[in-house]
Amino acid sequence: LCQEVLAAAKDVKDADVAAAEKAWADLDQAVSSVPDDANIMQAAGVVLAPVQALLKAETDLRALVPKEK
């Protein structure tokens, strides 16, 4: 699904697709780096910042979508 969204965003004027791709890759890397024996708080500490960056990228892309009337 993410790849479909990023592909569609490439056709949107002013969309920062590179930032969205980086945010997704950073989150993927963070999730992959969580140790198998990490507790929930440790895992949250690893993924919180990348999740926030991805949410910001999503918000930025959504702001470019025309509002329906």
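Source: prediction; values computed, not measured.

Our focus in this paragraph is the overall build of the chain. The helix and strand tally for the chain stands at 3 helices and 0 strands. For the chain, the α and β elements follow one another from N to C terminus as α-α-α. Scaling as 2.2 N^0.38, a compact globule of 69 residues should have a C-alpha radius of gyration of about 11 Å, whereas the chain reaches 14 Å, well beyond that. Across its three principal directions, the C-alpha atoms of the chain cover 50 × 20 × 15 Å. Put simply, of all contacts in the chain between residues at least 6 apart along the chain, 50% involve residues at least 24 apart. When the accessible surface of the chain is totalled, it reaches about 5500 Å², and 60% of it is carbon and sulfur. Here the chain carries 7 positive and 12 negative side-chain charges, and the mean point of each set is 11 Å from the other.

Among all positions in helix 1 (residues 2–9), only Cys2, Leu6 and Ala9 are buried. Along the long axis of helix 1, the arc covered by the buried residues comes to 60°, so they all point the same way. Counted as exposed and oriented over 90 degrees from the buried face of helix 1: Gln3 and Glu4. In the core, the buried residues of helix 1 are packed alongside helix 2 (17–33) and helix 3 (40–62).

Moving on to the environment of Gly45. Relative to the elements of secondary structure, Gly45 occurs in helix 3. Sequence separation of Gly45 and Val34 is 11 residues, and the distance between their C-alpha atoms is 9.5 Å.

With that settled, the discussion passes to helix 2. Helical geometry note: an α-helix holds 3.6 residues per turn, so side chains three or four residues apart project in the same direction. Here helix 2 spans 24 Å end to end across 17 residues, near enough to the 24 Å set by a 1.5 Å rise per residue. Along helix 2, the positions that sit buried rather than exposed are Val17, Ala20, Ala23, Leu27 and Ala30. In an axial view of helix 2, the angular spread of the buried residues amounts to 160°, which keeps them on one side of the axis. Exposed positions of helix 2 whose direction lies more than 90 degrees from the buried face are Ala18, Lys22, Gln29 and Ser32. Along its buried surface, helix 2 packs onto helix 1 and helix 3.

Thresholds applied
- Residues numbered from 1 in each chain as written.
- Predicted model: local features only at pLDDT ≥ 70, side-chain atom pairs only at ≥ 80, totals over all residues.
- Heavy atoms only, no water.
- Helix = DSSP H or I, 4+ residues; strand = E, 2+ residues; numbered from the N terminus.
- Rg over C-alpha atoms; globule rule 2.2 N^0.38 Å.
- Contact = heavy atoms within 4.5 Å.
- Areas by Shrake-Rupley, 256 points an atom, 1.4 Å probe, with all protein chains shown as cover.
- Lys, Arg positive; Asp, Glu negative; His and termini not counted.
- Charge placed at Lys NZ, Arg CZ, Asp CG, Glu CD.
- Buried < 20%, exposed > 50% of the residue type's maximum accessible area, 1.4 Å probe, protein only.
- Arc of directions from axis to C-beta.
- Expected span 1.5 Å × (residues − 1).

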